[in-house]
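Listed below are the residues making up each chain.
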Amino acid sequence: MSFWNDRPASVSNVRYYKREDGWRAHDDAVNKEGQVTERGSSRLIEESLTASLNASNLILLTGAGSSFCAKNSGPNAITAPGMRDLWDTVVAEAIHGSIDAIARHMPRSNQDIAEKNIEKLLTHCKIYLELFGPEEARDVAEFIASAEKSIAARVDFVSDQTDLSAHQAILRKIARRGARKPRARVFTTNYDLGFEYAARALRFTVVDGFSHSMPQVYDRGHFAYDIVRRDSVSEGPEYIESVFHLYKLHGSIDWRRKGAELIRSRSEADGPAVLIYPRDSKYQEAFETPYLDMMSALQTALREPDTALIVSGFGFNDDHISKPLMAALEANMTLRLVACDIAFLADEELERNEPLLPATAQARPKASACFSRLKRLADIGDERVTLLNARFDDLAQAIPDLVAQTERERHAERIKVLNEPTVV
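Treat the numbers as computed from the prediction; the structure is a model and nothing was measured.

Asker: Can you walk me through the overall build of the chain in this structure?
Answerer: Along its length, the chain carries 16 helices and 17 strands. Taken against the 2.2 N^0.38 rule, which gives 22 Å for 424 residues, the C-alpha radius of gyration of the chain at 23 Å falls within 12% of a compact globule. Expressed along its principal axes, the backbone C-alpha trace of the chain runs to roughly 70 × 65 × 60 Å. Across the 424 residues that make up the chain, the buried fraction comes to 51%. Within the structure as shown, the chain displays about 21,600 Å² of accessible surface, and the carbon and sulfur contribution to it stands at 50%. Treating the 54 positive side-chain charges of the chain as one cloud and the 63 negative ones as another, the clouds have centres 3 Å apart.

Asker: How do you make sense of helix H1 (residues 42-53) when you look at a structure like this?
Answerer: The periodicity of an α-helix, 3.6 residues per turn, causes residues three or four positions apart to be oriented the same way. Between its terminal C-alpha atoms H1 stretches 16 Å, which fits the 16 Å expected from twelve residues at 1.5 Å a residue. Here H1 has its buried residues at Ile45, Ser48, Leu49, Thr50, Ser52 and Leu53.

Asker: Honestly, the sheet that holds strand E16 (residues 356-357) in this entry has me stumped. Any pointers?
Answerer: As a general point, the strands of a sheet are linked pairwise by backbone hydrogen bonds and lie either parallel or antiparallel. The ten strands lie next to each other as E7-E10-E6-E5-E14-E15-E17-E1-E2-E16, forming an open sheet whose pairing is mixed. Looking at the sheet topology across the chains shown, the edges are occupied by strand E7 (205-207) and E16. Pairing between strand E2 (residues 22-25) and E16: two bridges, direction antiparallel. Residue pairing for E16: Arg24 is matched across the bridge by Leu356.

Asker: Looking at this model, I keep getting lost on the nonpolar core. Mind explaining?
Answerer: When a protein is soluble and globular, its nonpolar side chains tend to lie buried together. In this structure, Phe143 and Leu171 are the most contacted members of the largest nonpolar core, which totals 68 residues. Beyond its immediate sequence surroundings of up to four residues, Leu171 is in contact with Arg176, Val186, Phe195, Ala198, Ala199, Leu202, Phe204 and Phe244. Core analysis: the next-biggest nonpolar cluster, separate from the first, contains 52 residues, Ala301, Met326, Ala339 and Phe344 among them.

Asker: Would you take a moment to explain helix H4 (residues 98-105) for this structure?
Answerer: All of the buried residues along H4 are Ser98, Ile99, Ala101, Ile102 and Ala103. For H4, the secondary structure elements touched by its buried residues are helix H5 (109-115), helix H6 (118-136) and helix H7 (138-154).

Asker: Quick question: what am I supposed to make of the state of the cysteines here?
Answerer: Disulfides are covalent bonds that link the sulfur atoms of two cysteine residues. One pass over the full model with this rule turns up zero disulfides. This cysteine, Cys69, is not joined by any disulfide, and Cys340 carries the nearest cysteine sulfur, 11 Å off. Here Cys370 stays free of any disulfide, with the sulfur of Cys340 as its closest cysteine sulfur at 16 Å. With a relative accessible area of 11%, Cys370 lands in the buried category.

About the cut-offs
Residues numbered from 1 in each chain as written. Predicted model: local features only at pLDDT ≥ 70, side-chain atom pairs only at ≥ 80, totals over all residues. Heavy atoms only, no water. Helix = DSSP H or I, 4+ residues; strand = E, 2+ residues; numbered from the N terminus. Rg over C-alpha atoms; globule rule 2.2 N^0.38 Å. Buried < 20%, exposed > 50% of the residue type's maximum accessible area, 1.4 Å probe, protein only. Areas by Shrake-Rupley, 256 points an atom, 1.4 Å probe, with all protein chains shown as cover. Lys, Arg positive; Asp, Glu negative; His and termini not counted. Charge placed at Lys NZ, Arg CZ, Asp CG, Glu CD. Expected span 1.5 Å × (residues − 1). Pairing = 2+ DSSP bridges. Core = buried A, V, L, I, M, F, W, Y, C linked by side-chain atoms within 4.5 Å. Contact = heavy atoms within 4.5 Å. Disulfide = S-S within 2.5 Å.

None of the figures reported here should be taken as evidence of function without further support.
Spelled out as C-alpha coordinates, the structure:
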(Lines give C-alpha, C1' and ligand atoms only; values in the text may rest on other atoms or scores of the structure.)
Protein backbone atom coordinates (compact mmCIF):
# COMPACT_ATOMS: atom_id res chain seq x y z
CA MET A 1 0.00 0.00 0.00
CA SER A 2 2.98 2.27 -0.63
CA PHE A 3 1.08 4.81 -2.73
CA TRP A 4 -1.55 5.28 -0.03
CA ASN A 5 0.75 5.24 2.98
CA ASP A 6 0.42 8.48 4.97
CA ARG A 7 -1.49 10.11 2.10
CA PRO A 8 -4.01 12.59 3.56
CA ALA A 9 -7.65 12.03 2.69
CA SER A 10 -8.74 14.26 -0.16
CA VAL A 11 -11.35 14.38 -2.88
CA SER A 12 -8.40 14.86 -5.24
CA ASN A 13 -7.44 11.20 -4.68
CA VAL A 14 -10.64 9.98 -6.34
CA ARG A 15 -10.50 8.64 -9.90
CA TYR A 16 -13.61 8.07 -12.01
CA TYR A 17 -13.87 5.26 -14.56
CA LYS A 18 -15.33 6.00 -17.97
CA ARG A 19 -15.20 3.21 -20.50
CA GLU A 20 -14.45 5.56 -23.41
CA ASP A 21 -11.12 6.75 -22.03
CA GLY A 22 -10.22 5.13 -18.68
CA TRP A 23 -9.57 6.32 -15.12
CA ARG A 24 -9.81 10.10 -14.98
CA ALA A 25 -8.40 12.09 -12.05
CA HIS A 26 -10.74 14.29 -10.03
CA ASP A 27 -8.89 17.57 -10.55
CA ASP A 28 -8.20 19.37 -13.81
CA ALA A 29 -4.64 19.06 -15.10
CA VAL A 30 -3.03 22.46 -15.71
CA ASN A 31 0.24 23.54 -17.29
CA LYS A 32 2.77 26.03 -15.99
CA GLU A 33 0.70 28.90 -17.37
CA GLY A 34 -2.35 27.74 -15.44
CA GLN A 35 -4.18 26.56 -18.54
CA VAL A 36 -6.32 23.40 -18.32
CA THR A 37 -4.77 20.63 -20.39
CA GLU A 38 -7.03 17.78 -19.26
CA ARG A 39 -10.45 18.06 -17.71
CA GLY A 40 -10.97 16.29 -14.40
CA SER A 41 -13.91 14.17 -13.37
CA SER A 42 -15.20 16.29 -10.47
CA ARG A 43 -18.52 17.06 -12.18
CA LEU A 44 -19.11 13.40 -13.14
CA ILE A 45 -18.32 12.21 -9.62
CA GLU A 46 -20.63 14.77 -8.03
CA GLU A 47 -23.47 13.97 -10.43
CA SER A 48 -23.22 10.24 -9.78
CA LEU A 49 -23.10 10.61 -5.99
CA THR A 50 -25.92 13.16 -5.99
CA ALA A 51 -28.13 10.79 -7.96
CA SER A 52 -27.41 8.07 -5.40
CA LEU A 53 -28.26 10.31 -2.45
CA ASN A 54 -31.57 11.22 -4.08
CA ALA A 55 -32.66 7.61 -4.63
CA SER A 56 -35.73 6.41 -2.78
CA ASN A 57 -33.66 3.86 -0.85
CA LEU A 58 -30.04 4.48 0.12
CA ILE A 59 -27.64 1.78 1.33
CA LEU A 60 -24.02 2.02 2.43
CA LEU A 61 -22.01 -1.22 2.60
CA THR A 62 -18.56 -1.10 4.13
CA GLY A 63 -15.93 -3.29 5.73
CA ALA A 64 -12.39 -3.18 7.05
CA GLY A 65 -11.45 -0.30 4.75
CA SER A 66 -13.57 2.08 6.79
CA SER A 67 -11.86 1.05 10.04
CA PHE A 68 -8.38 1.82 8.72
CA CYS A 69 -9.16 5.53 8.59
CA ALA A 70 -10.20 5.60 12.26
CA LYS A 71 -7.10 6.97 14.01
CA ASN A 72 -5.94 7.02 17.61
CA SER A 73 -3.19 9.45 18.58
CA GLY A 74 -0.16 8.91 20.79
CA PRO A 75 3.10 6.93 20.62
CA ASN A 76 1.46 3.59 21.51
CA ALA A 77 -1.83 4.24 19.75
CA ILE A 78 -3.85 1.18 18.77
CA THR A 79 -4.83 1.09 15.10
CA ALA A 80 -7.41 -0.89 13.20
CA PRO A 81 -5.96 -4.38 12.67
CA GLY A 82 -5.34 -6.04 9.36
CA MET A 83 -5.22 -9.82 8.99
CA ARG A 84 -1.48 -9.88 9.74
CA ASP A 85 -2.07 -7.85 12.91
CA LEU A 86 -4.67 -10.38 14.03
CA TRP A 87 -2.17 -13.18 13.44
CA ASP A 88 0.46 -11.45 15.55
CA THR A 89 -2.07 -10.84 18.32
CA VAL A 90 -3.29 -14.44 18.35
CA VAL A 91 0.25 -15.83 18.44
CA ALA A 92 1.31 -13.44 21.19
CA GLU A 93 -1.64 -14.43 23.40
CA ALA A 94 -1.62 -18.14 22.59
CA ILE A 95 -0.68 -20.68 25.23
CA HIS A 96 3.02 -21.56 24.92
CA GLY A 97 3.51 -24.43 22.51
CA SER A 98 -0.08 -24.48 21.25
CA ILE A 99 0.93 -23.55 17.68
CA ASP A 100 3.43 -26.43 17.64
CA ALA A 101 0.77 -28.77 19.01
CA ILE A 102 -1.60 -27.80 16.21
CA ALA A 103 1.13 -28.39 13.63
CA ARG A 104 1.58 -31.92 15.03
CA HIS A 105 -2.16 -32.60 14.96
CA MET A 106 -2.64 -31.15 11.48
CA PRO A 107 0.49 -31.30 9.30
CA ARG A 108 -1.29 -29.40 6.53
CA SER A 109 -1.64 -26.41 8.85
CA ASN A 110 2.12 -25.82 8.57
CA GLN A 111 1.46 -23.87 5.38
CA ASP A 112 -1.09 -21.67 7.17
CA ILE A 113 1.46 -21.03 9.93
CA ALA A 114 4.22 -20.25 7.44
CA GLU A 115 1.93 -17.81 5.59
CA LYS A 116 0.62 -16.38 8.91
CA ASN A 117 -2.91 -16.91 7.62
CA ILE A 118 -5.16 -16.76 10.68
CA GLU A 119 -8.35 -17.33 8.67
CA LYS A 120 -7.15 -20.60 7.13
CA LEU A 121 -5.63 -21.81 10.39
CA LEU A 122 -8.85 -21.23 12.33
CA THR A 123 -10.78 -22.92 9.53
CA HIS A 124 -8.66 -26.07 9.76
CA CYS A 125 -8.77 -26.00 13.57
CA LYS A 126 -12.57 -25.80 13.51
CA ILE A 127 -12.82 -28.75 11.09
CA TYR A 128 -10.45 -30.81 13.23
CA LEU A 129 -12.48 -30.02 16.34
CA GLU A 130 -15.71 -31.04 14.62
CA LEU A 131 -14.15 -34.36 13.52
CA PHE A 132 -12.51 -35.43 16.77
CA GLY A 133 -14.50 -33.61 19.47
CA PRO A 134 -13.34 -31.39 22.35
CA GLU A 135 -11.89 -34.24 24.44
CA GLU A 136 -9.69 -35.70 21.73
CA ALA A 137 -8.75 -32.27 20.35
CA ARG A 138 -8.35 -30.40 23.63
CA ASP A 139 -5.25 -28.48 22.47
CA VAL A 140 -7.07 -27.31 19.37
CA ALA A 141 -10.18 -26.28 21.32
CA GLU A 142 -8.06 -24.27 23.76
CA PHE A 143 -6.28 -22.54 20.88
CA ILE A 144 -9.57 -21.61 19.20
CA ALA A 145 -10.93 -20.16 22.45
CA SER A 146 -7.71 -18.19 23.02
CA ALA A 147 -7.62 -16.95 19.43
CA GLU A 148 -11.23 -15.76 19.47
CA LYS A 149 -10.72 -13.93 22.76
CA SER A 150 -7.56 -12.26 21.40
CA ILE A 151 -9.28 -11.19 18.18
CA ALA A 152 -12.25 -9.73 20.06
CA ALA A 153 -9.90 -7.71 22.28
CA ARG A 154 -7.74 -6.52 19.36
CA VAL A 155 -10.63 -5.16 17.29
CA ASP A 156 -11.87 -3.14 20.26
CA PHE A 157 -9.81 -0.05 19.46
CA VAL A 158 -12.41 2.72 19.11
CA SER A 159 -12.94 5.13 22.00
CA ASP A 160 -14.07 8.69 22.68
CA GLN A 161 -10.61 9.92 21.64
CA THR A 162 -10.58 8.14 18.24
CA ASP A 163 -10.58 10.38 15.19
CA LEU A 164 -13.72 9.32 13.32
CA SER A 165 -13.95 12.31 11.00
CA ALA A 166 -14.55 10.14 7.93
CA HIS A 167 -17.34 8.18 9.63
CA GLN A 168 -18.92 11.41 10.81
CA ALA A 169 -18.69 12.99 7.36
CA ILE A 170 -20.35 9.99 5.71
CA LEU A 171 -23.15 9.84 8.28
CA ARG A 172 -23.72 13.58 8.14
CA LYS A 173 -24.30 13.36 4.40
CA ILE A 174 -26.34 10.16 4.09
CA ALA A 175 -28.35 10.10 7.33
CA ARG A 176 -29.99 13.53 7.03
CA ARG A 177 -32.50 12.46 4.42
CA GLY A 178 -35.96 13.94 4.17
CA ALA A 179 -38.62 12.35 6.38
CA ARG A 180 -40.61 11.35 3.29
CA LYS A 181 -37.90 8.89 2.28
CA PRO A 182 -36.92 5.67 4.08
CA ARG A 183 -34.03 5.99 6.52
CA ALA A 184 -30.56 5.38 5.13
CA ARG A 185 -29.23 1.93 5.95
CA VAL A 186 -25.60 1.19 6.83
CA PHE A 187 -24.37 -2.40 6.55
CA THR A 188 -20.90 -3.21 7.84
CA THR A 189 -18.81 -6.33 8.39
CA ASN A 190 -16.74 -4.54 11.06
CA TYR A 191 -16.87 -5.58 14.70
CA ASP A 192 -15.73 -2.21 16.05
CA LEU A 193 -17.89 0.69 17.24
CA GLY A 194 -16.78 3.30 14.72
CA PHE A 195 -20.25 4.16 13.44
CA GLU A 196 -21.76 4.08 16.92
CA TYR A 197 -19.21 6.53 18.34
CA ALA A 198 -19.45 8.74 15.24
CA ALA A 199 -23.25 8.87 15.59
CA ARG A 200 -22.94 9.74 19.26
CA ALA A 201 -20.56 12.61 18.52
CA LEU A 202 -23.02 13.95 15.92
CA ARG A 203 -26.02 13.39 18.22
CA PHE A 204 -27.56 11.15 15.52
CA THR A 205 -29.97 8.34 16.40
CA VAL A 206 -29.07 4.75 15.52
CA VAL A 207 -31.71 2.07 14.95
CA ASP A 208 -29.78 -1.19 15.33
CA GLY A 209 -32.31 -3.73 16.58
CA PHE A 210 -31.71 -3.17 20.30
CA SER A 211 -34.27 -1.96 22.81
CA HIS A 212 -34.02 1.27 24.79
CA SER A 213 -34.38 -0.62 28.09
CA MET A 214 -31.50 -1.59 30.37
CA PRO A 215 -29.89 -3.87 29.57
CA GLN A 216 -30.51 -3.33 25.89
CA VAL A 217 -31.96 -6.50 24.37
CA TYR A 218 -31.94 -7.42 20.67
CA ASP A 219 -35.22 -8.00 18.85
CA ARG A 220 -35.43 -7.97 15.06
CA GLY A 221 -38.79 -6.21 15.36
CA HIS A 222 -37.03 -3.04 16.52
CA PHE A 223 -35.80 -2.43 12.97
CA ALA A 224 -39.41 -1.64 12.06
CA TYR A 225 -39.57 1.14 14.65
CA ASP A 226 -38.89 4.81 13.98
CA ILE A 227 -38.41 7.92 16.09
CA VAL A 228 -40.98 10.71 16.11
CA ARG A 229 -41.34 13.95 17.99
CA ARG A 230 -44.61 14.76 19.80
CA ASP A 231 -45.40 17.99 21.58
CA SER A 232 -48.42 20.06 22.51
CA VAL A 233 -47.84 22.53 19.68
CA SER A 234 -47.77 20.11 16.74
CA GLU A 235 -51.00 18.69 15.42
CA GLY A 236 -49.42 15.25 15.07
CA PRO A 237 -46.13 13.40 15.40
CA GLU A 238 -43.23 14.33 13.09
CA TYR A 239 -40.22 12.23 12.21
CA ILE A 240 -37.03 13.52 13.79
CA GLU A 241 -33.95 14.28 11.71
CA SER A 242 -30.68 12.38 11.50
CA VAL A 243 -31.77 8.80 12.06
CA PHE A 244 -30.22 5.81 10.27
CA HIS A 245 -30.32 2.01 10.48
CA LEU A 246 -27.14 0.09 11.34
CA TYR A 247 -26.74 -3.60 10.52
CA LYS A 248 -23.58 -5.37 11.71
CA LEU A 249 -23.33 -8.39 9.44
CA HIS A 250 -20.57 -10.16 11.39
CA GLY A 251 -21.55 -9.13 14.89
CA SER A 252 -20.18 -6.53 17.28
CA ILE A 253 -17.76 -6.41 20.19
CA ASP A 254 -20.56 -5.14 22.43
CA TRP A 255 -22.94 -8.01 21.69
CA ARG A 256 -23.17 -10.74 24.35
CA ARG A 257 -25.39 -13.80 24.51
CA LYS A 258 -26.91 -14.11 27.97
CA GLY A 259 -29.13 -17.14 28.20
CA ALA A 260 -31.63 -17.02 25.37
CA GLU A 261 -31.19 -13.27 24.84
CA LEU A 262 -28.70 -11.14 22.97
CA ILE A 263 -27.77 -8.07 25.01
CA ARG A 264 -25.49 -5.08 24.55
CA SER A 265 -22.55 -5.16 26.95
CA ARG A 266 -18.79 -4.57 26.90
CA SER A 267 -18.25 -6.77 29.97
CA GLU A 268 -16.77 -10.25 29.56
CA ALA A 269 -18.72 -11.21 32.68
CA ASP A 270 -21.81 -11.30 30.43
CA GLY A 271 -20.16 -13.82 28.12
CA PRO A 272 -17.90 -13.77 25.05
CA ALA A 273 -18.51 -11.30 22.24
CA VAL A 274 -20.96 -12.49 19.59
CA LEU A 275 -18.87 -12.37 16.41
CA ILE A 276 -18.37 -14.28 13.17
CA TYR A 277 -14.64 -14.91 13.40
CA PRO A 278 -12.38 -15.06 10.33
CA ARG A 279 -12.73 -18.60 8.99
CA ASP A 280 -14.40 -20.27 6.03
CA SER A 281 -17.42 -21.34 8.09
CA LYS A 282 -18.60 -17.72 8.30
CA TYR A 283 -20.86 -18.43 5.31
CA GLN A 284 -22.84 -20.95 7.38
CA GLU A 285 -22.66 -18.85 10.56
CA ALA A 286 -24.12 -15.87 8.71
CA PHE A 287 -27.41 -17.75 8.46
CA GLU A 288 -27.90 -18.05 12.21
CA THR A 289 -29.66 -15.50 14.43
CA PRO A 290 -28.90 -12.59 14.74
CA TYR A 291 -26.73 -12.61 11.60
CA LEU A 292 -29.57 -14.07 9.56
CA ASP A 293 -31.68 -10.99 10.34
CA MET A 294 -28.89 -8.73 9.08
CA MET A 295 -28.37 -10.76 5.90
CA SER A 296 -32.10 -10.93 5.22
CA ALA A 297 -32.33 -7.16 5.60
CA LEU A 298 -29.48 -6.69 3.12
CA GLN A 299 -30.95 -9.03 0.53
CA THR A 300 -34.39 -7.43 0.87
CA ALA A 301 -32.95 -3.92 0.58
CA LEU A 302 -31.02 -4.84 -2.59
CA ARG A 303 -34.26 -5.94 -4.30
CA GLU A 304 -36.26 -2.79 -3.55
CA PRO A 305 -37.05 -0.45 -6.46
CA ASP A 306 -35.08 2.75 -6.96
CA THR A 307 -32.26 1.72 -4.64
CA ALA A 308 -28.75 3.16 -4.58
CA LEU A 309 -25.94 1.11 -3.05
CA ILE A 310 -22.63 2.74 -2.15
CA VAL A 311 -19.87 0.20 -1.46
CA SER A 312 -16.59 1.42 0.05
CA GLY A 313 -13.99 -0.32 2.17
CA PHE A 314 -15.48 -3.74 1.42
CA GLY A 315 -13.20 -6.05 -0.56
CA PHE A 316 -15.88 -8.44 -1.92
CA ASN A 317 -14.00 -11.37 -0.34
CA ASP A 318 -17.00 -12.62 1.66
CA ASP A 319 -19.00 -14.76 -0.73
CA HIS A 320 -22.11 -14.75 1.45
CA ILE A 321 -22.30 -10.98 0.89
CA SER A 322 -20.79 -10.46 -2.56
CA LYS A 323 -22.83 -13.17 -4.27
CA PRO A 324 -26.23 -11.77 -3.20
CA LEU A 325 -25.00 -8.34 -4.22
CA MET A 326 -23.99 -9.48 -7.70
CA ALA A 327 -27.25 -11.42 -8.03
CA ALA A 328 -29.21 -8.28 -7.12
CA LEU A 329 -27.40 -6.37 -9.87
CA GLU A 330 -28.63 -8.98 -12.33
CA ALA A 331 -32.21 -9.07 -11.02
CA ASN A 332 -32.95 -5.47 -10.01
CA MET A 333 -32.84 -3.17 -13.02
CA THR A 334 -33.41 -0.09 -10.82
CA LEU A 335 -30.45 -0.84 -8.52
CA ARG A 336 -27.65 1.72 -8.89
CA LEU A 337 -24.20 0.85 -7.58
CA VAL A 338 -21.30 3.11 -6.66
CA ALA A 339 -18.24 0.96 -5.97
CA CYS A 340 -15.36 2.91 -4.42
CA ASP A 341 -12.17 1.01 -3.62
CA ILE A 342 -8.40 1.16 -4.10
CA ALA A 343 -8.47 -2.36 -5.59
CA PHE A 344 -9.21 -1.10 -9.10
CA LEU A 345 -5.73 0.37 -9.70
CA ALA A 346 -2.31 -0.94 -8.70
CA ASP A 347 0.07 1.37 -6.86
CA GLU A 348 2.44 1.37 -9.83
CA GLU A 349 -0.28 2.82 -12.05
CA LEU A 350 -1.16 5.58 -9.57
CA GLU A 351 2.49 6.52 -9.01
CA ARG A 352 2.67 7.58 -12.65
CA ASN A 353 0.60 10.58 -11.52
CA GLU A 354 -1.04 10.99 -14.90
CA PRO A 355 -4.38 12.79 -15.22
CA LEU A 356 -5.79 9.91 -17.27
CA LEU A 357 -4.93 6.24 -16.83
CA PRO A 358 -6.01 3.81 -19.57
CA ALA A 359 -8.89 1.39 -19.14
CA THR A 360 -6.31 -1.40 -19.38
CA ALA A 361 -4.43 -0.18 -16.29
CA GLN A 362 -3.51 -2.99 -13.92
CA ALA A 363 -5.59 -3.67 -10.82
CA ARG A 364 -4.10 -4.28 -7.38
CA PRO A 365 -2.71 -7.79 -6.84
CA LYS A 366 -5.10 -10.32 -5.26
CA ALA A 367 -8.13 -8.10 -5.84
CA SER A 368 -11.44 -9.96 -5.78
CA ALA A 369 -12.79 -11.16 -9.12
CA CYS A 370 -15.93 -9.13 -8.37
CA PHE A 371 -14.04 -5.92 -9.15
CA SER A 372 -13.23 -7.13 -12.67
CA ARG A 373 -16.88 -8.19 -13.11
CA LEU A 374 -18.06 -4.73 -12.10
CA LYS A 375 -15.59 -3.18 -14.53
CA ARG A 376 -16.89 -5.52 -17.22
CA LEU A 377 -20.44 -4.30 -16.55
CA ALA A 378 -19.29 -0.70 -16.96
CA ASP A 379 -17.43 -1.61 -20.16
CA ILE A 380 -20.51 -3.13 -21.80
CA GLY A 381 -22.55 -0.01 -21.10
CA ASP A 382 -24.34 -0.64 -17.80
CA GLU A 383 -24.99 2.94 -16.72
CA ARG A 384 -26.21 1.79 -13.30
CA VAL A 385 -22.60 1.07 -12.26
CA THR A 386 -20.21 3.83 -11.18
CA LEU A 387 -16.61 2.90 -10.39
CA LEU A 388 -14.34 5.08 -8.26
CA ASN A 389 -10.78 4.35 -7.22
CA ALA A 390 -10.32 5.83 -3.73
CA ARG A 391 -10.44 5.06 0.00
CA PHE A 392 -13.38 5.33 2.37
CA ASP A 393 -12.13 8.64 3.80
CA ASP A 394 -11.59 10.09 0.30
CA LEU A 395 -15.18 9.17 -0.58
CA ALA A 396 -16.39 10.84 2.62
CA GLN A 397 -15.09 14.14 1.26
CA ALA A 398 -16.37 13.52 -2.26
CA ILE A 399 -20.00 12.87 -1.30
CA PRO A 400 -21.91 16.16 -1.66
CA ASP A 401 -23.69 17.61 1.35
CA LEU A 402 -27.24 18.08 0.02
CA VAL A 403 -28.94 19.00 3.29
CA ALA A 404 -28.00 22.09 5.25
CA GLN A 405 -27.04 21.68 8.88
CA THR A 406 -30.13 21.84 11.07
CA GLU A 407 -30.50 24.24 13.98
CA ARG A 408 -30.64 21.24 16.32
CA GLU A 409 -27.22 20.09 15.05
CA ARG A 410 -25.76 23.57 15.39
CA HIS A 411 -27.12 23.78 18.93
CA ALA A 412 -25.58 20.39 19.82
CA GLU A 413 -22.19 21.58 18.56
CA ARG A 414 -22.42 24.79 20.59
CA ILE A 415 -23.26 22.88 23.77
CA LYS A 416 -20.40 20.46 23.12
CA VAL A 417 -17.90 23.31 22.79
CA LEU A 418 -19.38 25.04 25.85
CA ASN A 419 -18.84 21.96 28.00
CA GLU A 420 -15.26 21.34 26.87
CA PRO A 421 -12.60 22.32 29.44
CA THR A 422 -11.16 25.76 28.82
CA VAL A 423 -7.41 25.94 28.22
CA VAL A 424 -5.86 28.92 30.00
